[in-house]
Amino acid sequence: MKLEHLGLFMPGNTPFYRRVYGFLRDAFAQLGIRVSGGCGLLSDAQMHDWLAQYRPDAVFEMNRVKDEVPSLHQYRIPHIAWIVDFQGRTEAQISGSEITYFFDPGWDANYRTGGVQDWLPPGTCSQTFQPLPGDASIEVDFNFIGHIPLPWSNAELARRMTVDSDMSFGDVLKRYDNHLRATRDQIKTHGDLKRIIDDLLRDAGTPLPPECLNAYYYDLMERTKRVQNRTELLNFALAKSASVAIYGSSNWAEWQEYKAFYRHFLACPAELNRVHQHSRINLHDGVSFHFRAIDCLASGGLLFWYDNDEVDAFRVPGRGLHDHFDDRCHYLAFKRSDFEQTYQNALECLSSRASAITEVRAIIQAHHTWRARAEKILHDLAYA
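Residues numbered from 1 in each chain as written. Predicted model: local features only at pLDDT ≥ 70, side-chain atom pairs only at ≥ 80, totals over all residues. Heavy atoms only, no water.

Peer 1: Describe the state of the cysteines, and please don't skip the residues or the numbers.
Peer 2: Under the criterion given, the structure shown has zero disulfides. Cysteine Cys125 is unpaired, with the sulfur of Cys268 as its nearest cysteine sulfur at 13 Å. For Cys125, a relative accessible area of 15% corresponds to the buried category. Cys296 carries a free sulfur, and the closest cysteine sulfur to it, the one in Cys349, is 12 Å from it. A relative accessible area of 1% means that Cys296 is categorised as buried. (Disulfide = S-S within 2.5 Å. Buried < 20%, exposed > 50% of the residue type's maximum accessible area, 1.4 Å probe, protein only.)

In structure tokens:
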């Protein structure tokens, strides 16, 4: 199909979503596509009225699929979903869109959405994120930019998980954590984690209805993962230096171990660009090809990625940061067992960063801008 007018919606009206919305809107505009929409997902009734008014050729939404918006089916509007966060949803709930993109390189392995499925990594804006003129003075040894959930409250831990037993969320959390620690070296997909939780619940009694469990799935599969990964990563850094800066949500101030290192939320892209360059090492965890990773590389910052999730045997060819950049000089990746050696390598390569930054910038400009992502979406939509 020929796309002339795209409806574009982000899940919320936060600085992050506004930034992504703006970059994608401008990228499509460069390709001659008119964009309408905004930050904040419309209700089904609101979407019905919006479609009647604007009549777009297609709708693109982050974190929502077509089956969640009946009006899209009624108007027969092609829908493009970009799943960056499952938000507790299971496989059966990710369906209906003509195109479903997944943020994580392995998420679509066990999904059947009923349409085109593919991986879509974030792009970056090489004008917004670029090396500053002159030599950037180092202000901290390490920084981490990102969110952390709040510590568990007593009320959350006491939540009931089954119909006919007294099993609490705290009980399941402890058993789930013990199981993951015991099987740490085994590859687990999103579906595997759900099955582990379901088995724990069946052993304890009759689980609550699925619609009541989505929040618990999210807490166990996503919230616990973020806490474990990010506290481990920061503990590695703090063992080397107390010169650490944390940027993100104010939740960090509720963690006794890390509140002294918390600065503030980075809402301004220019400040984000500056922080990348004034930190000796930029810490990153989780999905390798992440928003914060590609922005950091475009800025000329040294990215230090904790590779504790993408097990080598499970990597999908072409879908990791290592497939597009050199993990020995463009950025550095480490596992739990080799942090010390990789850290020493990072210190040694700091003096010869200029050529690596030039190479990275050239790769980004050729393949990883937001315009490149918009071009892929248009190509895929033409054949969906």
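Following the structure, the description resumes.
Peer 1: Explain the packing of helix α5 (residues 169-182) against helix α6 (residues 190-204) to me, and be specific about the residues and the numbers.
Peer 2: Viewed as axis vectors pointing N to C, α5 and α6 meet at an angle of 130°, and their least axial separation amounts to 10 Å. One finds that α5 runs oblique with respect to α6. Crossing of α5 against α6: the hand is right-handed. Here Val172, Arg175, Tyr176, His179 and Leu180 of α5 come into contact with α6, specifically with Leu193, Ile196, Ile197, Leu200 and Leu201. By residue class, the composition of the contact of α5 with α6 is eight nonpolar, one polar and one charged. (Axes fitted to C-alpha atoms, helices over the stretch in contact; angles between N-to-C directions. Helix = DSSP H or I, 4+ residues; strand = E, 2+ residues; numbered from the N terminus. Parallel < 35°, antiparallel > 145°, perpendicular 65-115°, else oblique. Left-handed = near helix turned anticlockwise from the far one by under 90°. Contact = heavy atoms within 4.5 Å. Nonpolar A, V, L, I, M, F, W, Y, C, P; charged D, E, K, R; others polar.)

Peer 1: Explain helix α10 (residues 339-349) residue by residue, including any values.
Peer 2: Owing to its 3.6 residues per turn, the α-helix brings residues three or four apart onto one side. Within α10, burial applies to Phe339, Thr342, Tyr343, Ala346 and Cys349. Within α10, the buried residues cover an arc of 130° as seen down the axis, which keeps them to one side. Elements that come into contact with the buried residues of α10 comprise β7 (140-145), α7 (210-238), β9 (279-285), β10 (303-306), β11 (332-334) and α11 (353-367). (Arc of directions from axis to C-beta.)

Peer 1: Help me get a handle on the pairing of strand β3 (residues 58-62), residues and values and all.
Peer 2: β3 sits mainly inside the fold: five of its five residues count as buried. Residues Ala58, Phe60 and Met62 of β3 are buried on one face, and the alternating residues Val59 and Glu61, pointing to the opposite face, are buried as well. When strand β1 (residues 5-10) meets β3, the two strands line up parallel, connected through four bridges. Of the residues in β3, the one forming a bridge with Gly7 is Val59. Alignment of β3 against strand β4 (residues 79-83), held across four bridges, turns out to be parallel. Note on β4: the bridge partner recorded for Phe60 is Ile80. (Pairing = 2+ DSSP bridges.)

Peer 1: Which residues make up unusual backbone geometry, and what are the values?
Peer 2: The phi torsion at Arg55 lies on the positive side, around 50°, for a residue other than glycine. Examined against the element boundaries, Arg55 turns out to sit in the loop between α2 (44-54) and β3.

Peer 1: Any details on the packing of helix α8 (residues 269-277) against helix α9 (residues 291-299)? Residues and values, ideally.
Peer 2: The geometry of α8 relative to α9 is characterised by a closest axis approach of 9 Å and an angle of 70° between their N-to-C directions. Put simply, α8 runs roughly perpendicular to α9. Across from Asn273, His276 and Gln277 in α8, the residues of α9 making contact are Arg292, Asp295, Cys296 and Ser299. Of the residues belonging to the contact of α8 with α9, the class tally is one nonpolar, four polar and two charged.

Peer 1: Describe the nonpolar core, naming the residues involved and giving the relevant values.
Peer 2: Counting residues in hydrophobic clusters, the biggest one holds 60 residues, and the most contacted among them are Met10, Phe60, Trp82 and Phe325. Setting aside residues up to four positions removed in sequence, Phe60 forms contacts with Leu6, Gly7, Leu8, Phe9, Met10, Leu24, Ile80, Trp82 and Ile377. (Core = buried A, V, L, I, M, F, W, Y, C linked by side-chain atoms within 4.5 Å.)

Peer 1: Break down the packing of aromatic side chains for me, citing the residues and quoting the values.
Peer 2: Evaluated as defined, the whole model comprises 27 aromatic pairs. Ring centres of Phe103 and Phe291 lie 5.5 Å apart, and the angle between their planes is 20°; on these two criteria the pair is classed as stacked. Highlighted residues: Phe103 in the loop between β5 (99-102) and β6 (116-119) and Phe291 in helix α9, separated in sequence by 188 residues. Judged on exposure class, the residue Phe103 and its partner Phe291 are both buried. On the basis of an interplanar angle of 25° and a centroid distance of 5.8 Å, the ring pair of Phe142 and Tyr343 is categorised as stacked. Within this pair, whereas Phe142 is found in strand β7, its partner Tyr343 is found in helix α10, the two being separated by 201 residues in sequence. Like Tyr343, Phe142 is buried. Pairwise contacts between aromatic rings join Phe16, Tyr17, Phe23, Phe60, Trp82, Phe103, Phe129, Phe291 and Trp370 into one cluster. Between the NZ or CZ atom of Arg159 and the centre of the ring of Phe169, over which it lies, the distance is 4.4 Å. (Phe/Tyr/Trp six-rings, centres within 6.5 Å; stacked < 30°, edge-to-face > 60°. Lys NZ or Arg CZ within 6 Å of the ring centre and 35° of its normal.)

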